[in-house]
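# Descriptive analysis of the structure
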Amino acid sequence: MPVIDVVLPCLNEAAALPWVLSRLPAGFRAIVADNGSADGSPRIAAAHGATVVPAAPRGFGAAAHAGLCAATADVVCFMDADGSFDPRQLPRVAGPVAAGEHDLLLGRRRPTTRGAWPLHGRAGNAVVAWRLRRTAGIPVHDLGPMRAARREALLALDLTDRRFGYPLEMMVRAAAAGWRIAEVDVDYAPRAAGGRSKVTGTVRGTLRAVRDMSRVLAS
């Protein structure tokens, strides 16, 4: 399989990065898009062989898109950098895209422990996924933070959201463009070193994400 770029949006993930980067499978190349970390994340990422790019302004979409723009591989993956996903499962989402079977493949989260995915985060995700199935006909049950697609096609979607709505905007625009979208199960574990997700780690973060995503669905 040709080299595949892995975009890792990053904000203060120093505790998780060594584990995450050490588990990238052969043929997968890390691009850490740093969104203003104050814990030395860029230095740690570079020390572990990742390409580090700055991402501004502050926002998940800004980091994800900066990483996408820095990528050069034909197929690009996105994955959270907090240790909740096992990079060794990246071939599950990248392989079918590289083989031409799907245009956008999402990793459907399957929690490995009860506390891996808080109830409020799971509920918010379920609501948005239900709306996607009902209004856009996208056959998914999870917004899939681990995902893969072809770089040039992603850039052609001309994504504009730079906050939490970015992953959803990608799905909506991809569906409108006639992409073949599917999902595959991936493990979802507690984050490294007891860290909290910027989205599902708090009720406030979940509500902010749902607000951003609702704005995308309404546009």
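Residue numbering note: each chain is counted from 1, following its sequence as written. Reporting of local features is limited, given that this is a predicted model, to residues whose pLDDT is at least 70; pairs of side-chain atoms are given and counted only at 80 or more, and all residues count toward the totals for whole chains, interfaces and linings. Side-chain numbers come from the whole structure's heavy atoms, not from hydrogens or water.

As a further point, take the overall build of the protein. We count a stretch as a helix when DSSP gives it H or I for four or more residues in a row; a strand needs E for two or more, and each element gets its number in order from the N terminus. On a plain count of helices and strands, the protein comes out with eight helices and seven strands. Relative accessibility decides the category of a residue: with a 1.4 Å probe and only protein chains considered, values under 20% of the type maximum give buried, values over 50% give exposed, and everything between is partly exposed. Counting every position in the protein, which comprises 219 residues, the buried fraction comes to 51%. Taking the intrachain contacts of the protein between residues at least 6 apart in sequence as the baseline, contacts between residues at least 24 apart amount to 74%. Accessible surface for the protein amounts to roughly 9,600 Å². Of this, 55% is attributable to carbon and sulfur atoms. Note on definitions: a residue-residue contact is assigned when non-hydrogen atoms from the two residues lie within 4.5 Å. Using a 1.4 Å probe, the Shrake-Rupley method yields the accessible areas, and only the shown protein chains count as cover for residues.

Structurally, L105 can be placed in strand β5 (residues 104-111). Take L105: its relative accessible area is 2%, and that puts it in the buried class. Through-space distance from the C-alpha of L105 to that of R180 is 8.4 Å; in sequence the pair is 75 residues apart. Discounting residues that sit within four places of it in the chain, L105 has contacts with R92, V93, P96, V97, M146, R147, A148, A182, E183 and V184.

This brings us to the side chain of R191. Position of R191 relative to the elements: it lies in the loop between β7 (181-188) and α8 (203-218). Under the relative-accessibility criterion, R191 is labelled buried at 12%. We call two N or O atoms a polar contact when they sit within 3.5 Å, provided that within protein one can donate a hydrogen and the other can accept it, with sequence-adjacent residues counted only if both atoms are side-chain atoms. Here the side chain of R191 touches D82 through a polar contact of 3.3 Å, side chain to side chain. At a separation of 3.5 Å, a polar atom in the side chain of R191 contacts the main-chain carbonyl oxygen of A116.

Our focus in this paragraph is the sheet that holds strand β3 (residues 51-54). Read from one edge to the other, the open sheet built from seven strands follows the order β3-β2-β1-β4-β6-β5-β7, with strand pairing classed as mixed. Two strands close off the open sheet at either side, each with one partner strand: β3 and β7. Pairwise comparison of adjacent strand axes, ignoring direction, gives a mean angle of 25° for this sheet. The pairing of β5 with strand β6 (residues 147-150) spans three bridges and is classified as antiparallel. From the neighbouring strand, L105 faces β6, where its bridge partner is A148. In this fold helix α4 (residues 90-98) packs onto β1 (4-10), β2 (28-34), β4 (75-78), β5, β6 and β7, with an angle of close to 25° to the strand it touches most, β6. Here, any two strands with at least 2 DSSP bridges between them count as paired. Simply put, an axis is a line fit to the C-alpha atoms, just over the touching stretch for a helix, and the angle between two N-to-C directions goes from 0 to 180 degrees.

Here we come to the pattern of salt bridges. Salt bridges, as used here, are contacts in which a Lys or Arg side-chain nitrogen is within 4 Å of a carboxyl oxygen on Asp or Glu. Counted according to the given criterion, the structure contains nine salt bridges. D103 is the salt-bridge partner of R180, the closest N and O atoms lying 3.0 Å from each other. Taken together, the residues R180 in the loop between α7 (166-176) and β7 and D103 in the loop between α4 and β5 connect sequence positions 77 residues apart. A residue is classified by how much of its surface remains accessible, and D103, at 23% relative accessible area, is partly exposed.

On to the environment of I31, then. Its place among the elements puts I31 in strand β2. For the pair I31 and T51, spaced 20 residues apart in sequence, the C-alpha to C-alpha distance is 4.8 Å.

A word on the packing of aromatic side chains. Two rings belonging to Phe, Tyr or Trp (six-membered ring only in the last case) form a pair when the distance between their centres is within 6.5 Å. Interplanar angles under 30 degrees mark stacking, angles over 60 mark edge-to-face geometry, and anything in between is tilted. Scanning all chains against the criterion turns up two aromatic pairs. Each ring, one from F85 and one from Y188, has its centre 5.2 Å from the other, and the planes form 50°; the classification is tilted. With F85 in the loop between β4 and α4 and Y188 in strand β7, this pair connects stretches of sequence that are 103 residues apart. By relative accessible area, which is 0% here, F85 ends up buried. For the ring pair W117 and Y188, a centre distance of 5.6 Å and an interplane angle of 70° mean the geometry is edge-to-face. Here W117 is found in the loop between β5 and α5 (119-136), whereas its partner Y188 is found in strand β7, with 71 residues between them in sequence. Both residues of the pair, W117 and Y188, belong to the buried class. In this structure an aromatic cluster arises from ring pairing among F85, W117 and Y188. Over the ring of Y188 we find R109, and its NZ or CZ is 5.2 Å from the ring centre. Here, over-ring charges are defined by two tests on the NZ atom of lysine or the CZ atom of arginine: distance to the ring centre within 6 Å, and angle to the ring normal within 35 degrees.

Among the 11 residues of helix α3 (residues 60-70), eight are classified as buried, and the element is accordingly described as predominantly covered. Residues G61, A62, A63, A64, H65, A66, G67 and L68 constitute the buried set of α3. Next to the buried residues of α3 lie β1, β2, β3, β4, α6 (151-156) and α7.

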